[in-house]
Amino acid sequence: MNKNKKDVKIEIKKGSMDEWPEPIVRVQSLAESNLSSLPERYIKPAFQRPTTAEDAPAATNIPIIDLEGLFSENGSCDDVIMARISEACREWGFFQVLNHGVRPELMDAARESWREFFHLPVNAKETYSNSPRTYEGYGSRLGVEKGAILDWSDYYYLHLLPPPLKDFNKWPSFPPTIREVIDEYGDEVVKLCGRIMRVLSSNLGLEEDKFQDAFGGENIGACLRVNYYPKCPRPELALGLSSHSDPGGMTILLPDDQVYGLQVLKDDTWITVKPHPHAFIVNIGDQIQILSNSVYKSVEHRVIVNSEKERVSLAFFYNPKSDIPIQPLQELVSTHNPPLYPPMTFDQYRLFIRTQGPRGKSHVESHISPR
Ligand code: OGA
Ligand code: NI
């Protein structure tokens, strides 16, 4: 664990956050070049490859929760829905939500605008090429470790909040309506996150604004990573996205409703999520696990690819204000139940992730208080 911390310092000294350690290869280009085999850089070691033998029965799915009636006019909450959310956050770290308040047409418009963007020729996207310092723009790897085995995906990453970080010049300008669509989509998903944050607080017996206040109130951060998983010639050897837990507060994922790919780890078994049409997939990130002193779980997940169909997903990350220390809420700790994590700002936390790339749950676990 300490070794990782040291590595981060060395990398920063060398200034290597300004550039990638190797020339970037777009996965889209590889996929379009009719490869007969998978380049070595994408062949995962045997223990990380997707398995089918150990997978859960095909019918198993993460909880699906209908939010209709959760936020009634008189402000009262439905106990049954609240209890289902509570259980999902403790046992799964993942759930799908229906009747979440975001218009289905807006969800489709957002996904399909991004699909059009990714269908542009690679060279039309290179102007948006990103660097590991902020990750904003068009990217094809996470982490700066030289010689790392890479994931079979390209992505686009952008900031929506706080307002000073929202920079339209760093957003795509094609298709012509994409900026408007992302902007409206972002506003709607932020509202949904605010509602879910209130439920998460109330479910722990806290005032409903407790979580939001701990995140910095109005000054939260929000960013979007759009993942593009091209068809893969040898899907059994690769991963679209390696196992990781999300570093931020909460993620609202809009999956490709036509193509499965997301797998969630439950009791050491990978469960393939079956997306419900126009549902969102909500998942608890590391910062909410920390705030809740590990009552809520930020769970490992990964993405598998296939040789038949490309897949596009939108991961919306709802994060604490980046410079306030996040630690277990005082109300949730006692001498019998001491805080599991020391305070750390999201800026500090994110630095590890940006340097190392996806590594299961090692980030939040290495952050645990020494005992
Ligand atoms: C992510 C993620 C899942 C998916 O972007 O963090 O877990 O289905 N994405 O693309
Ligand atoms: Ni994720």
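Rules behind the numbers
Residues numbered from 1 in each chain as written. Chains lettered and ligands numbered in written order. Predicted model: local features only at pLDDT ≥ 70, side-chain atom pairs only at ≥ 80, totals over all residues. Heavy atoms only, no water. Phe/Tyr/Trp six-rings, centres within 6.5 Å; stacked < 30°, edge-to-face > 60°. Helix = DSSP H or I, 4+ residues; strand = E, 2+ residues; numbered from the N terminus. Buried < 20%, exposed > 50% of the residue type's maximum accessible area, 1.4 Å probe, protein only. Near = heavy atom within 4 Å. Polar contact = N/O pair within 3.5 Å; in protein donor to acceptor, adjacent residues only side chain to side chain. Areas by Shrake-Rupley, 256 points an atom, 1.4 Å probe, with all protein chains shown as cover. Nonpolar A, V, L, I, M, F, W, Y, C, P; charged D, E, K, R; others polar. Pairing = 2+ DSSP bridges. Axes fitted to C-alpha atoms, helices over the stretch in contact; angles between N-to-C directions. Contact = heavy atoms within 4.5 Å.

Attention now moves to the packing of aromatic side chains. By convention here, two paired aromatic rings are described through the distance between centres and the angle between planes. Under the definition given, this model contains 14 aromatic pairs. Ring centres of W114 and Y156 lie 5.3 Å apart, and the angle between their planes is 45°; on these two criteria the pair is classed as tilted. One end of the pair, W114, is in helix α4 (residues 104-119); the other, Y156, is in strand β4 (residues 154-161), with 42 residues separating them in the sequence. With relative accessibility at 1%, the residue W114 sits in the buried group. By relative accessible area, Y156 is classed as buried at 0%. Here a set of aromatic residues connected by ring pairs shows up, and it is made of W114, F117, F118, Y128, Y138, Y156 and Y228.

What follows concerns the site of ligand 1. If you check the shell around ligand 1, you find 14 residues, and the closest are R225, Y229, H301, R311 and S313. The separation between an oxygen atom of ligand 1 and a polar side-chain atom of H244 is 3.1 Å. The side chain of S313 places a nitrogen or oxygen atom 2.6 Å from an oxygen atom of ligand 1. With the chains in place, 98% of the 290 Å² that ligand 1 exposes on its own is no longer accessible. At the level of secondary structure, the elements contributing two or more residues to the shell around ligand 1 comprise β5 (221-229), β6 (241-244), β11 (301-303) and β12 (311-319). Considering each element in turn, the shell around ligand 1 owes the most residues, 4 residues, to β12. Looking at side-chain class alone, the shell around ligand 1 contains 7 nonpolar, 4 polar and 3 charged residues.

With that settled, consider the sheet that holds strand β1 (residues 64-66). Ordered in space as β1-β2-β10-β7-β12-β5-β4-β3, the 8 strands form an open sheet in which the pairing is mixed. Of all the strands in the sheet, just β1 and β3 (137-139) have a single pairing partner and so form its edges. For this sheet, the mean angle separating the axes of adjacent strands, direction not counted, is 25°. Packing against the sheet, helix α3 (residues 79-91) makes contact with β1, β2 (94-98) and β10 (280-284), and its axis sits at approximately 155° to β1. Against the sheet, helix α6 (residues 178-202) contacts β4, β5, β7 (250-254), β10 and β12, and its axis sits at roughly 55° relative to β12.

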